[in-house]
Protein chains: 6
Amino acid sequence: MPSCAVTRRVHFNAAHRLHNPAESDEWNRATFGPCNNPNYHGHNYELEVTVEGPIDTATGYVLDIAILKRLVDARVSEVLDHRNLNLDVAWFRDRIPSAENIAVFCWEAIAPALPAGRLQRIRLWETPRNYVEYTGG
Amino acid sequence: MPSCAVTRRVHFNAAHRLHNPAESDEWNRATFGPCNNPNYHGHNYELEVTVEGPIDTATGYVLDIAILKRLVDARVSEVLDHRNLNLDVAWFRDRIPSAENIAVFCWEAIAPALPAGRLQRIRLWETPRNYVEYTGG
Amino acid sequence: MPSCAVTRRVHFNAAHRLHNPAESDEWNRATFGPCNNPNYHGHNYELEVTVEGPIDTATGYVLDIAILKRLVDARVSEVLDHRNLNLDVAWFRDRIPSAENIAVFCWEAIAPALPAGRLQRIRLWETPRNYVEYTGG
Amino acid sequence: MPSCAVTRRVHFNAAHRLHNPAESDEWNRATFGPCNNPNYHGHNYELEVTVEGPIDTATGYVLDIAILKRLVDARVSEVLDHRNLNLDVAWFRDRIPSAENIAVFCWEAIAPALPAGRLQRIRLWETPRNYVEYTGG
Amino acid sequence: MPSCAVTRRVHFNAAHRLHNPAESDEWNRATFGPCNNPNYHGHNYELEVTVEGPIDTATGYVLDIAILKRLVDARVSEVLDHRNLNLDVAWFRDRIPSAENIAVFCWEAIAPALPAGRLQRIRLWETPRNYVEYTGG
Amino acid sequence: MPSCAVTRRVHFNAAHRLHNPAESDEWNRATFGPCNNPNYHGHNYELEVTVEGPIDTATGYVLDIAILKRLVDARVSEVLDHRNLNLDVAWFRDRIPSAENIAVFCWEAIAPALPAGRLQRIRLWETPRNYVEYTGG
């Protein structure tokens, strides 16, 4: 029974600001540049969620991609889409909403809803020229 | 001397909120839905600026695309990139920062820097699935 | 009050076969080649619907893109998505489901739901390398 | 002698239907939804074939990408392009033509034509938002 | 009988240098910058050829896209692909191979092979961020 | 402290010719076909540089993507962009400028500027349909 990885791309957009409240304003401006704008800026995020497992011979599926889509919509899009990550999302109260940390958030939101070991990779595009990948550790 | 149109694509990102202060909160929520989030959301904007004119036989150019890029960077990117359109950009104080109005802003910022009649079209992608086009009137 | 054009991209997929029953099998094979396969083939169609009009000063919108999306979903996607265009869609009973004719179908489905003169253009990508545009006549 | 992986993207399109004849019509409709349409639907498939190996110092190549393209055209495109996967392709007579299984088909078609261990990955995009990856086991 | 426009995208790549031999080396370096490199540089060009006309009721086609592809291959790709535009293509002996002039070349190569008035637009992408459009005059 | 991989895409274009001076002209023409054109041809190269490491809790970054961009610009773009790889770049004097070897060049240019083990992958697109990946050995 061969194994395969299936990926679903999902779109959301959000405002954020890169700012570490434990550091001075100078440190924040020097470290984050325009990303430290106190009035926020924003992005269209393109999220890819990859799940691996054996191909079910009855369906030909590793996992019905429509089920994966609903799961990602419920656990990620409903929480992050059209939000201010710093102000509206509790998980970021004590974490900086960098692309890296948003990828970790997506992993933690999605992995518990799948059988252990099935979530393979989160890839998150912050702009058409930058993306991050997180594989769980 | 044949005429041609040249287009440069430029990227910027920004936070915004769709809200009409002349209307009630109910009207705003019903009209703009999640785009009315008081804490803002954001987008990667992909801007296409199109300039037309005769091809200069000495250069083969309608307009050196590097000059067009610098012009758009100075008049649009420096003003909108990594900004909150509602709070940081004076032009939007009495206009709603919809994609349509951002396109009008770009036209008004760029057209005066070019010979009359040369700016042909502003196309602005707000997401990979939505764009607006403005041709000056 | 400036005018602007707004475009929404929508995805659907379908099976079809190019075949003219008024002509011989030889003519059909010579004219349509592999697109004449009696068992059908299929495509992911990427549809762009463009609506123009004045920008409403109360909303900043020509037309709420969410309303346009619902309209296209109801009148196009619900009728064509995951369908066999030759067998499942009455409009194609006496028309060949070429990209050109699918674009005309989309125009006729959408235009009556908008104020007269507002629908500006249907653009339909049949593959990443081919598209057609129809402007209503 | 450093090793490298080279990838060629190839396009084909096809009709298919997800249906398990060993199960009831109700089960099939509930499991596959619109993908179970008895009249078929279809997709543009975007296939990426990745081959790894040492870089040949005489050519600078792992494998001439033109040779890889001809191999994929002969063993995949000629068999699947503009076809109905359920009716026209023998390999799918007792397998459901899901993206996962099509990826396995591509691996089995291409791997024997390459030296052992050289085929690294099959990635198959079924729509611009879904893809599967198969690495041979 | 409705009219429609069909577009085919075609890929080619070439080396070129922007240089006006009637001007001094200083003028050329100041005008063209790195594009004046005497040893040439190069691009992947993405060409879109758009043909308009009535939809033929017997075929559903404005023009069989396979015929358009062969025409563009024979008249453009075979002449420009994998070539040095300055040295290998006679048409550019007394014209600078800017994107604008390459678009004019494509128009002049393709228009005579079509019925009068059918070629609507040449669009040529020189990079993913720059393109030019030529409509014949 | 979770680990993550961050990727930056960078664009450059160049002319090149595939030619092995140790072999005959016939061998070169037979091996490289149109890529052996003595007058060169060219490409838009799309380079992806991937760096992995722990997420810094003070910044939320693995590595500030703006620092990565400047590093790649200084060590790759300034050396390869708008150049003839065969004539202008010393590293290719005794290596064929295939996509595979350009990827090795990028690795050798970037890896020494990062802490040991941080550079994870170089991916280089030579055309929209071909890419190579190099992971350092």
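Details of the structure are given in the entry above.
Residues numbered from 1 in each chain as written. Chains lettered and ligands numbered in written order. Predicted model: local features only at pLDDT ≥ 70, side-chain atom pairs only at ≥ 80, totals over all residues. Heavy atoms only, no water.

(A) Seen up close, the packing of aromatic side chains. Overall, the coordinates contain 48 aromatic pairs over all chains when judged by the stated rule. An angle of 50° between the planes, with centres 4.4 Å apart, marks the rings of W125(B) and Y131(B) as tilted. Per residue, the accessibility class of W125(B) equals that of Y131(B), and both read buried. Arranged with centres 5.1 Å apart and planes meeting at 20°, the rings of F12(C) and Y45(C) form a pair that is stacked. In this pair, F12(C) sits in strand β1 (residues 3-16) while Y45(C) sits in strand β2 (residues 41-54), placing the two residues 33 residues apart along the sequence. Taken individually, F12(C) and Y45(C) each receive the classification buried, so the pair is uniform in this respect. Three or more aromatic residues link up through ring pairs in this structure, and these residues are W27(A), F32(A) and Y61(F). The ring of W91(E) carries R95(E) above its face, with NZ or CZ at 3.8 Å from the centroid. (Phe/Tyr/Trp six-rings, centres within 6.5 Å; stacked < 30°, edge-to-face > 60°. Buried < 20%, exposed > 50% of the residue type's maximum accessible area, 1.4 Å probe, protein only. Helix = DSSP H or I, 4+ residues; strand = E, 2+ residues; numbered from the N terminus. Lys NZ or Arg CZ within 6 Å of the ring centre and 35° of its normal.)

(B) Molecular detail of the relation of the copies chain B and chain A. For the match of chain B to chain A, the screw axis carries a shift of 0.0 Å, the RMSD comes to 0.0 Å, and the turn is 180°. Between the two chains, the operation in question is that of a two-fold axis. Of all interface residues in chain B, 100% are interface residues in chain A too; the two copies therefore contact each other through one and the same surface. (Least-squares fit on C-alpha atoms with pLDDT ≥ 70 in both. Contact = heavy atoms within 4.5 Å.)

(C) Here's a closer look at the relation of the copies chain B and chain E. Least-squares fitting of chain B to chain E yields an RMSD of 0.0 Å, with the superposition described by an axial translation of 0.0 Å and a rotation of 120°. Accordingly, the operation relating the two chain copies is best matched by a three-fold axis. For chain B, the smallest separation between a C-alpha atom and the rotation axis is recorded for P128(B), amounting to 8.7 Å.

(D) The arrangement of the arrangement of the chains in detail. Contact between chain A and chain E is absent, and the minimum C-alpha spacing across the pair is 12 Å. At the level of C-alpha atoms, the two units chain D and chain E stay apart, their nearest approach being 14 Å.

(E) Up close: the interface of chain B and chain A. Across the boundary between the two partners, chain B contributes 22 residues, which contact 22 residues of chain A. Across the chain B to chain A interface the summed buried area is about 1,600 Å²; carbon plus sulfur atoms make up 50%. Linking chain B to chain A there are 0 salt bridges. Counting every contact that joins chain B to chain A gives 16 residue pairs in polar contact (both at pLDDT 80 or more). The set of elements that each furnish at least two residues to the side of chain B that touches chain A consists of β1 (3-16), β2 (41-54), β3 (83-84), α3 (85-88) and β4 (119-127) of chain B. No other element matches β2(B), which puts 5 residues into the side of chain B that touches chain A. For the side of chain B that touches chain A, a count of residues per class yields 7 nonpolar, 11 polar and 4 charged. (Buried area = accessible area lost by both parts, 1.4 Å probe. Salt bridge = Lys/Arg side-chain N within 4 Å of Asp/Glu carboxyl O. Polar contact = N/O pair within 3.5 Å; in protein donor to acceptor, adjacent residues only side chain to side chain. Nonpolar A, V, L, I, M, F, W, Y, C, P; charged D, E, K, R; others polar.)

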